[in-house]
Amino acid sequence: MNYDELRKNARINMNNVCRGCKRCDGIACAGEVPGIGGVGSGEGFIENVRALSRVKLELKTLHNVKKPDISSEIFGENVSFPVLPAPMAGMKSNFGGYFTEYEFASILANACKELRLMYTSADGPDPNMFNAGIEAIKNTGVPSIVFIKPRGVKEVIEKIKVAEEAGAKAVGMDVDGAGLILMVRSGQEVGPKNTDELKEIISSTSLPVVLKGIMTVEEAKIAYESGAKGIVVSNHGGRVLEAAMATCDVLPEIAEKFKRKMAIFVDGGVRSGVDVLKMLALGADAVIVGRPVAIAAHGGRIDGVKWLLKNYADELYQAMILTGTPDVHINSEIECFGNNILIKIKERGTWRV
Ligand SMILES: Cc1cc2nc3c(=O)[nH]c(=O)nc-3n(C[C@H](O)[C@H](O)[C@H](O)COP(=O)(O)O)c2cc1C
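Residues numbered from 1 in each chain as written. Predicted model: local features only at pLDDT ≥ 70, side-chain atom pairs only at ≥ 80, totals over all residues. Heavy atoms only, no water.

## Digging into the UniProt feature "active site" (unreviewed entry) in the chain
Filter applied, for reference: UniProt positions are given in the numbering used here, feature names are shortened, and annotations may be inferred rather than shown by experiment. Here a helix means four or more residues in a row that DSSP labels H or I, a strand means two or more in a row labelled E, and each is numbered from the N terminus. Exposure categories follow from relative accessible area, calculated using a 1.4 Å probe and restricted to protein chains: below 20% of the type maximum is buried, above 50% is exposed, and the middle band is partly exposed. The contact definition used throughout considers only heavy atoms, calling two residues in contact when any of these lie within 4.5 Å.
The feature "active site" (unreviewed entry), as given by UniProt, occupies His236 in the numbering adopted here. Of note, His236 is situated in the loop between β9 (230-233) and α10 (247-258). The class for His236 is buried, based on a relative accessible area of 16%. Apart from residues lying up to four places away in sequence, His236 is in contact with Lys149, Asp174, Asp176 and Lys212.

## Observations regarding the packing of helix α4 (residues 101-115) against helix α5 (residues 127-140)
Quick note on the threshold: Angles shown run from 0 to 180 degrees and are taken between the N-to-C directions of axes, each axis being a line fitted to C-alpha atoms and, for helices, limited to the stretch in contact. Working rule for handedness: look at the near helix, and if it is turned counterclockwise from the far one by less than a right angle, call the crossing left-handed; if clockwise, right-handed. Residue classes follow a fixed rule: Ala, Val, Leu, Ile, Met, Phe, Trp, Tyr, Cys and Pro count as nonpolar, while Asp, Glu, Lys and Arg count as charged, and any other residue, Gly among them, counts as polar.
Two elements in contact, α4 and α5, have axes separated by 8 Å at closest approach and are oriented at 35 degrees. In this structure, α4 crosses over α5, and the sense of that crossing is right-handed. Listed contacts from α5 to Glu101, Tyr102, Ala105, Ser106, Ala109, Asn110 and Lys113 of α4 are Asn128, Met129, Ala132, Gly133, Glu135, Ala136, Asn139 and Thr140. For the contact of α4 with α5, the residue count by class is six nonpolar, six polar and three charged.

## Details of the layout of surface pockets
The line we're drawing: Definitions used for this entry: grid spacing 1 Å over protein atoms alone; cavity, a set of points where a 1.4 Å probe fits but cannot get out; pocket, an open set with protein on both sides within 12 Å along at least 5 of 7 lines; lining residue, one with an atom within 4 Å of a point. Grid points are joined across faces, edges and corners, and a volume is the space filled by probe spheres set on the points.
Of the volumes computed, that of the largest pocket is approximately 770 Å³. Forming the walls of the largest pocket are 43 residues, and the residues nearest its centre are Ala89, Asn94, Leu180, His236 and Arg239. In terms of residue count, helix α7 (residues 181-185) provides more of the lining of the largest pocket than any other element does, four residues in total. Considered class by class, the residues forming the lining of the largest pocket number 22 nonpolar, twelve polar and nine charged.

## Here's the deal with the pairing of strand β11 (residues 286-289)
For the record, the criterion: Any two strands with at least two DSSP-identified bridges between them are counted as paired.
In β11, alternate side chains face the same way, and those of Ala286 and Ile288 on one face and Val287 and Val289 on the other are all buried. Two elements, strand β4 (residues 83-85) and β11, share three bridges in a ladder whose sense is parallel. Bridging across to β11, Val83 finds its partner in Val287. One ladder, built from three bridges, connects strand β10 (residues 263-267) with β11; its direction is parallel.

## Overview of the environment of Gly213
Summarising the element assignment, Gly213 is placed in the loop between β8 (209-212) and α9 (217-225). On a C-alpha basis, the gap between Gly213 and Ile231 in space is 7.7 Å, while along the polypeptide they are 18 residues apart. Sequence-distant contacts of Gly213, defined by excluding residues within four places in its chain, comprise Val175, Asp176, Val232 and Ser234.

## Some points on the UniProt feature "binding site: FMN" (unreviewed entry) in the chain
When the UniProt feature table is mapped onto this chain, "binding site: FMN" (unreviewed entry) is found at Lys212, Ser234, His236, Asp267, Gly268, Gly269, Val270, Arg271, Gly290 and Arg291. As for the annotated residues named above, the ones lining the largest cavity are Arg291. Tracing the sequence through the fold places Lys212 in strand β8. In contact with Lys212, not counting residues within four places along its chain, are Pro87, Phe147, Met173, Asp174, Val175, Asp176, Val232, Ser234, His236 and Asp267. Position of Arg291 relative to the elements: it lies in helix α12 (residues 291-323). For Arg291, a relative accessible area of 10% gives the class buried.

## A short note on the packing of aromatic side chains
Defined as follows: Here a Phe, Tyr or Trp ring, Trp counted by its six-membered ring, pairs with any other such ring whose centre lies within 6.5 Å, and the pair is stacked when the planes are under 30 degrees apart, edge-to-face when over 60, and tilted otherwise. For a ring to carry a charge above it, either NZ of a lysine or CZ of an arginine must fall within 6 Å of the ring centroid while also lying within 35 degrees of the normal to the ring plane.
Going through the model one piece at a time under the given rule, you end up with five aromatic pairs. Arranged with centres 6.4 Å apart and planes meeting at 35 degrees, the rings of Phe99 and Phe104 form a pair that is tilted. Neither residue differs from the other here; Phe99 and Phe104 are each classed as buried. Ring centres 5.9 Å apart and planes at 55 degrees place the aromatic pair Tyr224 and Phe258 in the tilted group. One end of the pair, Tyr224, is in helix α9; the other, Phe258, is in helix α10, and 34 residues separate them in sequence. The exposure class of Tyr224 is partly exposed, given its relative accessible area of 35%. Members of the aromatic cluster, each reached through a chain of ring pairs, are Phe95, Tyr98, Phe99 and Phe104. Of note, Lys159 hangs over the ring of Phe130, and the distance from its end group to the ring centre comes to 4.9 Å.

Laid out in structure tokens, this is it:
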């Protein structure tokens, strides 16, 4: 199995909704939402990939990091390495209808269980979208974060209870789904949340709450002060606001202020284990991968997803050797170098999330 095979199979199985490009960069599918692309011009997606490609690492091989440790811990769960599949729903509208919501959720949950990773489930206009993830969690027992759309407070709290009963390790809300037209069109209430609403939601559960779609220090502060235990620095893969900044560009400033106060997840344009290392070195505790996981699932089901994520783990391990990075708790300095950002990885980091 290799990525070429997976992406070619995926292209057929997704009925060309995804072109299965060699580099998944948002150009061929620009504007295709619903679909797999970024909204409008597609720039929110394209810029995530472009900006991350401008981030460089110092190549260092005269050191003693012979066997880096890629393992980590997320909300008390040991994981083999700090990568999670993204919450993704809308099999018919976004991916061509090859899988039911449950089949897709089950593939991702099983792959995570087998690789000792944390799974994330999604929510959407059709109740099946939320329920599929919950069923997959119940059936596999995989440690998970259940993401809920920013619905009305009462409805969010009801869904949190369902997640608790399913055995989720954490719950999340993709707050950047606030303007999602598909939800609005289907007559469902989604919208921005003020501090009082956030506090009511967060205090309704003893599970850690993660807010996904945080792109500024100001909003990270609101999340923290409202009691969130984690944030996902995310622009929803460029699917909500085409003019959003690239996630890797806003991550360092947010991480500088909130690292060790909340778990910092990031997603957007991560296409290899080297990209994972870049995001960790820019300040993330764990990294979320979207479209490549969906492509691997459509191209090779559980084995496809396992192949992709194992490959990311191998690439991460190798990149850590080549940069003298002993473990995933990275201490680094960032310098602008012409058009590029150069990350200088420092001595061993000392913290745990
Ligand atoms: C087809 C598709 C469906 C998605 N559905 C959801 C969703 O239901 N909930 C959510 O929080 N994010 C959703 N996302 C966003 C992802 O969770 C993630 O933020 C994004 O895909 C990361 O960027 P990447 O695909 O470039 O890795 C979706 C993304 C795609 C491509």
